[in-house]
Every structure is written in C-alpha cells, then in structure tokens.
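Below are the chains, spelled out letter by letter.
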Amino acid sequence: MNHPEKIKFAALDKSLFFPTLKKRVDQYFEQNQKSRYANKTMVIKTVVLISSYILPFIAIVAFNPPVWVAMLLWLVMGMGISGIGMSVMHDANHGAFSKNAAVNKWMGYTINLAGAGVLNWKLQHNILHHTYTNVPNVDEDIKDRGVIKLSPDEKVRPLHRFQWIYAFFFYGILTLYWVILKDFIQYYHFIKSGVNRQSNAENRQMLTGLIVMKLTYFAILLGVPTLIFHIPFGQILGGFLLMHFAAGLVLTVIFQLAHSVEGTEHPHPNEKGVIEKDWAIHQLETTVNFSPNNKWLGWYIGGLNFQIEHHLFPKVCHVHYPKLAPIVKQTASEFGLTYLENKSFLMAVSSHIVSLKRFGAPKFSEAIV
C-alpha cells in the first residue's frame, strides 16, 4: 500500500471548475434559504430505517412467529441495516447529518447496529476512498480481495475469469466478514501503514471498545433470542446469516456501481507521488452516477446514486443531491468535462459486470503489463 500522505494532487494547468462550482452551490443554498444538513424528510427517513431494523427483531423474540415469518423479518432487518448504513450512518460520519457535531457523532454510531466500528470506517471511507478515489494500492474500496479483482492493476488469477459470476456471493458475506474479522485486520493494518495516527493509549482503548461492542452485538442478536426467549439456535443463526447476506449484497453492489464500472479512471501518481490532476476533476473521472430519476431507489440508498455530487460535496446531506446534480452537470459541461452517468440501475449493474469480466480476463492482464 502506498503511503497516502505522500500522494498529492497537482494539476499542470489550474482549473477554475471547482471554485466556480462551489460558488454556484453556495448560491443555491443561500438563494433558496436552505440548510446543507438534514431536513424533515431526512429525520422521518432516519426513524423509518432504524425502526425497520429494531422492530422486526422485537417481533421475532417477543412473538416467536413461524419460521417463514421469522425469516422474512430477518430479511427486513437486513434491508433496514443496509438502509441505515447508506442513509443515516454515512451522512453522519461525513458530518453532513447535522451542523451539531454531537448529533453527527451519535448518529454515526448507528454503524454499531451492524456490528462494525466507526473509526476504521472513517479511515477507510473518508480518507482513503474519498481523497484517493480509484487510486490503486491506496483506495481500500478497490483493493485486491484475493477472489475479487476490482482494479485493472492487480494481478489476474485464473479464478478471476469467473468473478463476474461468483462476485455477488462474496458481496453478500461482506458485512459478516466485517463483523468477525475486517475491523481487527484494519485496526492493525491502519496502525502499521500510518493511516491511523492515534496514540498507543487511544488505540488500546479503541481495540477494547471494538471487542466489547462486538461481544454485545452477538449477545443481543444471538444470545438473547436463544438463552432468554428459548428460540432454537439454528433458527436464529439462519436468520442472522440471511440478514447479513441481504445487507452485504445491497451495500456492496450499491457502492460498486459508482466506481467499478465502465468509463472510470484508475490513475497512478508519478515517480514524485503526484497525480497530475485537479482533485475535483479526479473525482469526476473516477465516479459515476446512476438511476438519477428513480426517487424510490434514491430515498432508500441515501442518494448514493448521485455519487458525483457526494464526492464533490461530502459534507452536504444527501437529500439535496438531486437539486445539486443539474448545477454540477452544467458546470462540468461548461469546462469541457465528462459527467459520467448510467441512466438506470440495470445499466449500472450491467456495466459493473462488464468491468468484472474485463478485469478478470487474462488478455486484459497481458495488455497492461
């Protein structure tokens, strides 16, 4: 992994794209007298999504419904926790939910409902992904996962030829892997690489907190139903795994559709550690929007179909992205920049599958050597 602090963005020719765009976005909020943070719609959504995770669990333990009903409730919980991750936790940990830092902090802890830690997520997502989007060996979101290759620069293995078929299964086990192993692997990795700059005492406290949080998570989700309410462990474990598979599949697919699709760039820094691009233009070249007119999808996935706007303005609550998108698109056009977009969800999924095929093909590996 390259050291992120050694990589810089330095355009050969200074662009006025982002200063112009930022001015226009600022004017939009001022002229319409709108806050950049959550509005009433966002508050209602937060209540609905958190309820869709907590209430089904209460129903499972309190009423012990037939197995098929219980499985449906676990499935709803999976959709609920993925919705919380995309809409609530995501905005809060970007500082976009509220102008009150304490509100952002506590809403950011909703990631614990999935059994995952906050700080590791911030380091991976806010720093490595948002700053160095699609930069090989830096952006953790396109890091080689062994069985899945999301970058043109990683070594092609024979198995990768079929990754476009089996990738979605591994997407489904992502959150379960996150709960069991990923947080601890990242904990040591980020300390070793220097991404985590906390003191030894702070990191010991962080590790203790991770362990306590995860033990509590398993105790509530698996222990309470079986030990207190005497529901068969096999039934609870099956529902728990179903919940995680649904959550992992939804979360991973949605995030892949913005960067691991056709048309995106994977830039390398030069020998001096410089990416010869303006940072904002880099975001345009590595990010793709999808399904911009699907309001139901946009509501559920927290505006992540407007990833360009999110990457350019991560501290703006996602409920505003549909209104900002035309401003960004028009400004990009004026500066001769390409605004990447797949018009539908199915087009985006198809583009991702094509990328998986291309990255996994042996001839592709030979072409980039």
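Think of each chain on its own: its residues are numbered from 1, step by step along the sequence as written. Side-chain atom pairs in this predicted model are given and counted only at pLDDT of 80 or more, local residue features only at pLDDT of at least 70, and totals for whole chains, interfaces and linings cover all residues. Computation of side-chain values: all heavy atoms of the structure, hydrogens and water removed.

Every helix listed is a DSSP run of H or I at least four residues long, and every strand listed is a run of E at least two residues long, numbered separately from the N terminus. An expected span of 1.5 Å times one less than the residue number is assigned to each helix. Spanning 16 residues, helix 14 (residues 345-360) covers 23 Å between terminal C-alpha atoms, matching the ideal 22 Å at 1.5 Å per step. Only protein chains enter the accessibility calculation, which uses a 1.4 Å probe; a residue is then buried when its area is under 20% of its type maximum, exposed when over 50%, and partly exposed in between. All buried positions along helix 14 are accounted for by Ala348, Val349, Ser351, His352, Ser355, Leu356, Phe359 and Gly360. What you see down the axis of helix 14 is that its buried residues fit within an arc of 160 degrees, all on one side. Our arc is simply the arc of the directions from the helix axis toward the C-beta atoms.

Turning next to the nonpolar core. Within soluble globular proteins, side chains that are nonpolar tend to cluster in buried spots. One finds Trp74 and Leu221 to be the most contacted residues of the largest nonpolar core, which totals 47 residues. Secondary structure elements with two or more residues in this core: helix 2 (40-63), helix 3 (67-93), helix 6 (163-172), helix 7 (174-193), helix 8 (200-228), helix 9 (233-256), helix 11 (295-300) and helix 14. Throughout, a contact is declared for two residues whenever any of their heavy atoms are within 4.5 Å. Residues within four places of Trp74 in sequence aside, it is in contact with Phe57, Ile60, Leu221, Ile236, Gly239, Phe240 and Met243. Counting residues in hydrophobic clusters, the runner-up holds 20 residues, among them Val25, Phe29, Ile281 and Ala332. In this text, buried Ala, Val, Leu, Ile, Met, Phe, Trp, Tyr and Cys residues form a nonpolar core when linked through side-chain atoms within 4.5 Å.

Turning next to a nonpolar patch on the surface. Note that patches include only residues with greater than 30% relative accessible area and no salt bridge, and the join distances are 9 Å for like charges and 5 Å for nonpolar side chains (Val, Leu, Ile, Met, Phe, Trp, Tyr). Areas reported here follow the Shrake-Rupley algorithm with a probe of radius 1.4 Å; residue values treat only the protein chains shown as occluding. For salt bridges, the criterion is a side-chain nitrogen of Lys or Arg within 4 Å of an Asp or Glu carboxyl oxygen. Residues Trp68, Leu72, Leu75 and Met79 make up a contiguous nonpolar surface patch of roughly 400 Å² in combined accessible area. Relative to the helices and strands, Trp68 is located in helix 3.

Attention now goes to the packing of helix 8 against helix 9. Orientation is described by axes fitted as lines to C-alpha atoms, over the contacting stretch for helices, and by angles from 0 to 180 degrees between their N-to-C directions. Axis separation between helix 8 and helix 9 bottoms out at 8 Å; the angle between their running directions is 145 degrees. As for how helix 8 packs across helix 9, the hand of that crossing is right-handed. Between helix 8 and helix 9, the residues in contact are Tyr217, Phe218, Leu221, Leu222, Pro225 and Thr226 and Phe233, Ile236, Leu237, Phe240, Met243 and His244, respectively. For this classification, Asp, Glu, Lys and Arg are treated as charged, while Ala, Val, Leu, Ile, Met, Phe, Trp, Tyr, Cys and Pro are nonpolar and the rest, including Gly, are polar. Across the contact of helix 8 with helix 9, the residue classes tally to 10 nonpolar, two polar and no charged. With the far helix as reference, a near helix turned anticlockwise by less than a right angle produces a left-handed crossing, and one turned clockwise produces a right-handed crossing.

On to the packing of aromatic side chains. Put simply, two rings from Phe, Tyr or Trp (the six-membered ring, in Trp's case) pair if the centres are within 6.5 Å, and we call them stacked under 30 degrees between planes, edge-to-face over 60, tilted for the rest. Counting across every chain of the model gives 16 aromatic pairs. Between Phe218 and Phe240, the ring centres sit 6.0 Å apart and the planes meet at 50 degrees, which makes this aromatic pair tilted. Note that Phe218 is positioned in helix 8 and Phe240 in helix 9, a separation of 22 residues in sequence. Two conditions define a charge sitting above a ring: the NZ of Lys or the CZ of Arg must be within 6 Å of the ring centre, and it must be within 35 degrees of the ring normal. Of note, Lys182 hangs over the ring of Trp178, and the distance from its end group to the ring centre comes to 4.8 Å. Over the ring of Trp164 we find Lys357; its NZ or CZ atom is 4.2 Å from the centre of that ring.

On to the environment of Pro322, then. Tracing the sequence through the fold places Pro322 in helix 13 (residues 321-334). Separated by 205 residues in the primary sequence, Pro322 and Gly117 have C-alpha atoms spaced 30 Å apart.

A few words now on the pattern of salt bridges. All told, the structure shown has nine salt bridges when counted by the stated rule. When the shortest N-O distance is used, the salt bridge between Glu334 and Arg24 registers 2.9 Å. Pair noted here: Glu334 is in helix 13 and Arg24 is in helix 1 (residues 17-31), with a separation of 310 residues, a long-range link. With a relative accessible area of 27%, Arg24 lands in the partly exposed category. For Glu341, the salt bridge identified is with Lys343, shortest N-O distance 2.8 Å.

So far we have only geometry, and geometry alone does not tell us how the molecule works.
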